[in-house]
Amino acid sequence: MIKFDNIKKTFRRTEVLKGLNLDINKGDRIALVGSNGAGKTTMIRCLLGEYTYEGQVLVNGKCPRTERELVLKDIGFVPQLPPPLKMLVGQLIEFSASLCDADPKEMISVLERLGLSFDELKARPFVKLSGGQKQKLLISIALGRNAKILILDEPAANLDPEARHIFFQLLAEKKDDVVMLISSHRLDEVAALVNRVIEMDQGIVILDDCVEDSVELDSVLQSEIKIKRADEAFAKAIKAWNFESDGGMLWHGQVAGPDRLRFLGVLSRYAAILQDIHMEEQKND
Amino acid sequence: MKHLWLTAWADIIESLRAKWFIVYSCVFGGIVVLLFVFGITESRIMGFTGLTRLLITYIQLTIAILPVFILITTVRSVAGDREAGVFEYLLSLPISLSAWFWGRFLGRFVVVFLPVFLAMVGAVIWTSIKGADIPWGLFASYTGLLLAVAWCFLGIGMLISSMARSADVAQGLAFMIWLTFLLFLDLILLGIMIREGLPSETAVVLSLINPLQVFRTAAMVLFDPQLVILGPSAYVILDRFTETGYIIWAIAYPVLLGTISAFTGYYLFKKGDLP
């Protein structure tokens, strides 16, 4: 479906992509990981036809540079940093939907599922929204159209746990029909979303492996955490995951299945006061 | 075509919410208001009073500030958008590069031309309310000149934005180009003529290819058809062009220069990295 054939990209004298070769097939959900400067963003921009390069990138046999419209019609993109657009939220959705020949109602529906009210936001400039709101809106635009390829650059970085769970559900609904390319600095952030991991370093692929994970994208883990003594810092951290407690010793809440590694990562910081952890998977209705 | 108009409309919406546009509109609207407040319409210069006098003063002030305003705001916002990630996101949507570039050009043209034009329209409306005569011929000629100069410097601004990779470099380049045009109005031109014994034909050619000078001379032609204030060089202009011919040149040449610059900018934009 997507083919990178010996892609080289140089900025002045710095070679950022050094002969990148990669085949991405239908059904692939890829975690694109690597440190800063590894070439992830450059690779994505080549795929979007935004950069010139040596070699050949083909999307369904078409070049994104010369056949932009045909290629980009099938690609939904969420950037890492939201652009500082001054247009109103309603105008941005109308503008994007018109360009993509999509139904703006679909985008609004995704936005509302992510917990935002379109009626409240439509008259506000995009640039004035909070980081999380901007991220949700860009996700809505990408998922609310019939994209066959989703390119998501740190998509859940600014989302609260509840929105992350819904976001994972939305991806789960599309997982059999679309190719996903999810860029992240850390694998544990996106491990549960993907079935393939590609690690880049200094412009080349250094790891291309499968990811086996039994947890469904839309699953929920009913969780109970018992601690040895009440702790203010722990309480603050666990409340951010929407957990509740009566006396500060026993905490109850839900964790989205794909988020469990990230959640356990948070708990690991409080290992000294943890007494018991119980997490049980429940299929989400 | 639909995408071109969508992009133009989006650019207009973005610009109307930008601080530079508020300042830009206030400057040109403010000039007209100040000219009324200070009683320019009641003063007399070379026999001109009323709206004619106001338009003459307005166009002289416009020569000084319109080109640099258009250049700086265009390159700052276009190159700034590229730096801030606006290009990265919007160009990931399925839009052709021609629709994107020319849509932005047209949207920006509306935004830079309208405040200048509406300030003149405001002056006309106010004057007609006061019951004075409206010099429609002069109004039409000035509108044509403003249109041409706005198109010209917008084209140059888009070219600079395509060439420079950062807003700071773009702004520096824009300022240098404006300064070069400005210095070649009189200062450098006269200096070179005196020092190097430059043939008068070369000086005339330099004046004819400098859009600022063309705009300035055309504005003079409109209120001083014999170009008395230009001295002997008036003979060259009037003998070669005639009054009408020069006005046509003053409109056609900047439009052509702006179009060539914009097309060159489009070519560079299309061939290079977009964000």
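Keep in mind it's a predicted model, so treat the numbers as computed, not measured.

### Some words on the overall build of chain B
Then comes step 1: When you go through chain B residue by residue, the secondary structure sums to 12 helices and zero strands.
Then comes step 2: N-terminal to C-terminal, the α/β element order of chain B is α-α-α-α-α-α-α-α-α-α-α-α.
Then comes step 3: Taken against the 2.2 N^0.38 rule, which gives 19 Å for 275 residues, the C-alpha radius of gyration of chain B at 20 Å falls within 12% of a compact globule.
Then comes step 4: Counting only C-alpha atoms, chain B reaches 60 × 55 × 30 Å along its principal axes.
Then comes step 5: Across the 275 residues in chain B, those meeting the buried criterion constitute 41%.

### Focus on the sheet that holds strand S1 (residues 2-11) of chain A
Residue and element names in this part refer to chain A.
Then comes step 1: The strand order S2-S1-S4 describes an open sheet built from three strands, whose pairing is antiparallel. Both edges of this open sheet fall to strand S2 (14-24) and strand S4 (54-59), since each of them pairs with a single strand only. This sheet shows a mean twist of 20° between the axes of neighbouring strands, independent of strand direction.
Then comes step 2: With eight bridges connecting them, S1 and S2 associate as antiparallel partners. Across the sheet, residue Lys8 finds its bridge partner in S2, namely Lys18.

### As for the interface of chain B and chain A
Then comes step 1: Chain B puts 23 residues into the contact, and the matching count from chain A is 25 residues.
Then comes step 2: Residue assignment for the side of chain B that touches chain A shows that the elements contributing at least two residues are helix H1 (2-16) and helix H4 (86-90) of chain B.
Then comes step 3: For the side of chain B that touches chain A, the element with the highest residue contribution is H1 of chain B, accounting for five residues.
Then comes step 4: Each residue belonging to the side of chain B that touches chain A can be placed in one class, and the counts come to 14 nonpolar, five polar and four charged.

### Things to note about the nonpolar core
Most often, soluble globular proteins keep nonpolar side chains buried together rather than apart.
Then comes step 1: If you look at the biggest cluster of nonpolar residues, it comprises 155 residues, and the most contacted ones within it are Ile182 of chain A together with Leu145 and Ala150 of chain B.
Then comes step 2: Ranked by residues supplied to this core, first place goes to helix H6 (residues 136-163) of chain B with 14 residues.
Then comes step 3: Both domains that meet at this core, namely domain 1 (2-210) and domain 2 (220-282) of chain A, each give it at least three residues.
Then comes step 4: In this structure Leu145 of chain B touches Phe215, Ala218, Ala219, Ala250 and Ile251 of chain B, once residues within four positions along its chain are discounted.

### Details of the packing of helix H10 (residues 211-223) of chain B against helix H12 (residues 243-271) of chain B
Between two packed helices, what matters for the description is the angle formed by their axes and the separation of those axes.
Residue and element names in this part refer to chain B.
Then comes step 1: It is at 9 Å that the axes of H10 and H12 come closest, and there the two elements cross at 150°. Our classification of the angle between H10 and H12 gives roughly antiparallel. For the pair H10 and H12, the crossing hand works out as left-handed. When H10 is examined against H12, the residues Pro211, Val214, Phe215, Ala218 and Val221 are found in contact with a partner set consisting of Glu243, Tyr246, Ile247, Ala250, Tyr253, Pro254 and Leu257.
Then comes step 2: Counted by class, the contact of H10 with H12 contains 11 nonpolar, no polar and one charged residues.

What counts and how
Residues numbered from 1 in each chain as written. Chains lettered and ligands numbered in written order. Predicted model: local features only at pLDDT ≥ 70, side-chain atom pairs only at ≥ 80, totals over all residues. Helix = DSSP H or I, 4+ residues; strand = E, 2+ residues; numbered from the N terminus. Rg over C-alpha atoms; globule rule 2.2 N^0.38 Å. Buried ≥ 20, exposed ≤ 12 C-beta atoms within 10 Å, placed from the backbone. Pairing = 2+ DSSP bridges. Axes fitted to C-alpha atoms, helices over the stretch in contact; angles between N-to-C directions. Contact = placed C-beta atoms within 7 Å. Nonpolar A, V, L, I, M, F, W, Y, C, P; charged D, E, K, R; others polar. Core = buried A, V, L, I, M, F, W, Y, C linked by C-beta atoms within 7 Å. Domains from an automatic or database assignment. Parallel < 35°, antiparallel > 145°, perpendicular 65-115°, else oblique. Left-handed = near helix turned anticlockwise from the far one by under 90°.

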